[in-house]
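# Architecture and fold: a report
Below, each chain spelled out in residue letters.
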Amino acid sequence: MHLWGYFSADNARSHVAKTVRDFCSAQHMQLLPSPSYSLDMSPIERVWDLVGRRLARNPRPADSEDELLVRIQAIWNYQVDIQNLFHSMPRSIAALLAVRAVLWLHQILISDT
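Residues numbered from 1 in each chain as written. Predicted model: local features only at pLDDT ≥ 70, side-chain atom pairs only at ≥ 80, totals over all residues. Heavy atoms only, no water.

An unreviewed UniProt entry annotates the protein chain as Tc1-like transposase DDE domain-containing protein of Trichonephila clavipes.

This is the structure:
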């Protein structure tokens, strides 16, 4: 199955609802459950982390809420960074699957001893 055939779900009700499971099944997508608050697998959390890091680079605090919003918008409008995050997701999912496979094998080996 191609990597895009996975859906990462973090136990949020909207992610584990029967309609979501049925949709994923109909689309031949494998649900890839993640622990709650699995920030490393959440694309939007990665984007907000990027925004926060870019804001922190500016040594001068925003003078107003409006200025802060302008800075956030400027970071958001620079889509190259966000596209790079998007393109890194298949590698992240592959790494997560590899780690889970190793943990699964480790559990089997421990249970056999």
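All right, on to the nonpolar core then. Counting residues in each nonpolar core, the largest one holds 6 residues, listed as Val47, Leu50, Val51, Ile75, Ile82 and Leu85. Sorting the residues of this core by element identifies helix 3 (43–57) and helix 5 (79–112) as the ones contributing at least two each. The biggest single contributor to this core is helix 3, with 3 residues. In this view, Ile75 contacts Leu50, Val51, Arg54 and Leu55; residues no more than four positions away in its chain are not counted. (Core = buried A, V, L, I, M, F, W, Y, C linked by side-chain atoms within 4.5 Å. Buried < 20%, exposed > 50% of the residue type's maximum accessible area, 1.4 Å probe, protein only. Helix = DSSP H or I, 4+ residues; strand = E, 2+ residues; numbered from the N terminus. Contact = heavy atoms within 4.5 Å.)

Below, the discussion takes up unusual backbone geometry. Phi at His28 takes a positive value of approximately 60 degrees, unusual for a residue other than glycine. For His28, the position within the fold is in the loop between helix 2 (18–26) and strand 2 (30–33).

With that settled, the discussion passes to the pattern of salt bridges. Considering all chains together, one arrives at 5 salt bridges under this definition. When the shortest N-O distance is used, the salt bridge between Asp63 and Arg60 registers 3.1 Å. On the basis of relative accessible area, Asp63 is assigned to the exposed category, the value being 65%. A residue is classified by how much of its surface remains accessible, and Arg60, at 41% relative accessible area, is partly exposed. Each member of the salt-bridge network shares a partner with another, and the members are Arg60, Asp63, Glu67 and Arg71. (Salt bridge = Lys/Arg side-chain N within 4 Å of Asp/Glu carboxyl O.)

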